[in-house]
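Reading the structure
Each chain, letter by letter, is given below.
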Amino acid sequence: MTAATTLRNPVFCALDTPDVGRATALAAKVADAVGGVKLGLEFFSANGPPGVAQVQKASDLPIFLDLKFHDIPNTVAGAVRAVTAQVRPFMMTLMASGGRAMLEAAARAAADVARERNVPRPLLLGVTVLTSLDGTDLAATGVAGAVADQVRRLAELAKLSGLDGVVCSPLEAAQLRRDLGPGFKLVTPGVRPTWAEAGDQKRVSTPREAVAAGADYLVIGRPISEADDPAAAAQRIALELGL
Ligand code: C5P
């Protein structure tokens, strides 16, 4: 089967907790006002595929599985096969720095298992440079030059290798959209409605700005999860997006 189609609501609420009870409760609360939920390494390490299934059951929402795979091609292909078969994520992440052979093996594995099992193929997203790294950190790993150049290089590699898109800052989205053209998915964390605290996010855009810059999907965590009324906060974001 081909990759899943575009969602009406672009917002994925990040469920950043290892606690399956908290995750399912939050997912159920926001289910009517978001497009999907994001589960990451912390949740998956604690709860595995059965935990993801519980969140799916509680909310009936598409899952963004953010595990940032990075290993030899054969191992990553196996991991992609396993999660595509068991978890059926709407989209998932790999480290673009894993190289072309790893990314191509992942893309083939996702397509193969989706066809064999007649399930939708997950969208595969490359993670370029982690926002926790600056130029000095990159230089210490042997990568010289500007962070923005490395982001662009890795995004182009992801596209060349058959991935569907990348995760990027909303402030990088407009340039990447110009560089990589239409159709390549851009998924942005670092999104803050004007009424929410920035928290530890330093470079933020509002949901409307992120979409205007070319983002296809927005990852929003604490402005929803830490609101007194998460469902109302998610509704307010949907309204701001004209949904
Ligand atoms: O609470 P907040 O809206 O900041 O959550 C954003 C989510 O996106 C978190 O799950 C965070 O780990 C993730 N993320 C991020 N910045 C990146 C990549 C992922 O904030 N560069």
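Each remark here, short or long, concerns the structure printed above.
Residues numbered from 1 in each chain as written. Predicted model: local features only at pLDDT ≥ 70, side-chain atom pairs only at ≥ 80, totals over all residues. Heavy atoms only, no water.

Observations concerning the overall build of the chain
We apply this condition: Strands are runs of DSSP state E lasting at least 2 residues, helices are runs of H or I lasting at least 4, and numbering of each runs from the N terminus. The atom set for the radius of gyration is the C-alpha atoms, and the globule formula is 2.2 Å times the number of residues raised to the power 0.38. We call a residue buried when its accessible area falls under 20% of the maximum for its residue type, exposed when it is over 50%, and partly exposed in between, using a 1.4 Å probe and counting protein chains only. Pairs of residues are marked as contacts when any of their non-hydrogen atoms sit within 4.5 Å.
In terms of regular secondary structure, the chain is built from 10 helices and 8 strands. For the chain, whose C-alpha radius of gyration is 17 Å, the value lies close to the compact-globule estimate of 18 Å for 243 residues. Oriented by its inertia axes, the alpha-carbon framework of the chain measures out at about 45 × 40 × 30 Å. By the burial criterion, 51% of the 243 residues in the chain qualify as buried. Contacts in the chain between residues at least 24 apart in sequence constitute 69% of all its contacts with a sequence separation of at least 6.

Concerning the site of the ligand
What counts, and what does not: We call a residue near a molecule or strand whenever a single non-hydrogen atom of that residue lies within 4 Å of it. Two N or O atoms count as a polar contact when they lie within 3.5 Å, although within protein this holds only if one can serve as hydrogen donor and the other as acceptor, and sequence-adjacent residues are included solely when both atoms are side-chain atoms. The Shrake-Rupley method, run with a 1.4 Å probe, gives the accessible areas here. Residue values count only the displayed protein chains as cover. Residues are grouped as follows: Ala, Val, Leu, Ile, Met, Phe, Trp, Tyr, Cys and Pro are nonpolar; Asp, Glu, Lys and Arg are charged; every other residue, Gly included, is polar.
Around the ligand, the surrounding shell consists of Ala14, Asp16, Lys38, Thr131, Pro189, Arg192, Gln201, Val219, Ile220, Gly221, Arg222 and Pro223. In this structure, Gln201 approaches the ligand through a side-chain N or O atom, which is 2.7 Å from an oxygen atom. At 2.8 Å, a backbone N or O of Gly221 approaches an oxygen atom of the ligand. Protein contacts shield 78% of the accessible area of the ligand, which totals 460 Å² for the unbound molecule. Listing elements by their share of the shell around the ligand, those giving two or more residues are strand E8 (217-220) and helix H9 (222-225). Here the residues of the shell around the ligand are counted per class, giving 5 nonpolar, 3 polar and 4 charged.

What about unusual backbone geometry?
Its identity as a non-glycine residue notwithstanding, Asp60 has a phi of 60°, on the positive side. Within the secondary structure layout, Asp60 lies in the loop between helix H2 (41-59) and strand E3 (63-69). Accessibility expressed as a relative area gives 69% for Asp60, which makes it exposed. Here Lys68, not a glycine, exhibits a phi torsion of approximately 50°, which is positive. Mapped onto the elements of the fold, Lys68 is located in strand E3.

Some thoughts on the sheet that holds strand E2 (residues 36-40)
For clarity, the cut-off: By the convention used here, strands pair only if DSSP detects at least 2 bridges between them. Note on geometry: axes are lines fitted to C-alpha atoms, helical ones only across the stretch in contact, with angles between N-to-C directions running from 0 to 180 degrees.
Taken together, 8 strands build a closed barrel; the order of strands is E1-E2-E3-E4-E5-E6-E7-E8 and the barrel is parallel. Taking the axes of each pair of neighbouring strands and ignoring which way they run, one obtains an average angle of 25° across the sheet. Of the pairings in the sheet, the one linking strand E7 (residues 185-188) to E8 comprises 2 bridges and is parallel in character. In the sheet register, Thr188 faces E8, and the bridge partner there is Leu218. Each of strand E6 (165-167) and E7 touches helix H7 (residues 170-180); the most contacted strand, E7, lies at about 170° to it.

Focus on the pairing of strand E4 (residues 91-95)
Filter applied, for reference: Seen with its strands pointing away from the viewer, a crossover is right-handed when the path leading from the first strand over the helix to the second is clockwise.
Summarising burial for E4: 5 of the 5 residues are buried, a large majority. Of the two faces of E4, the one carrying Met91, Thr93 and Met95 and the one carrying Met92 and Leu94 are both buried. Strand direction decides the pairing type here: E3 and E4, joined by 3 bridges, are parallel. Each residue of the ladder has a partner; that of Leu65, found in E4, is Met92. Note on the crossover from E3 through helix H3 (residues 73-86) to E4: the handedness is right-handed. Each parallel crossover has a hand, and for E4 linked through helix H4 (residues 100-117) to strand E5 (residues 123-127) it is right-handed.

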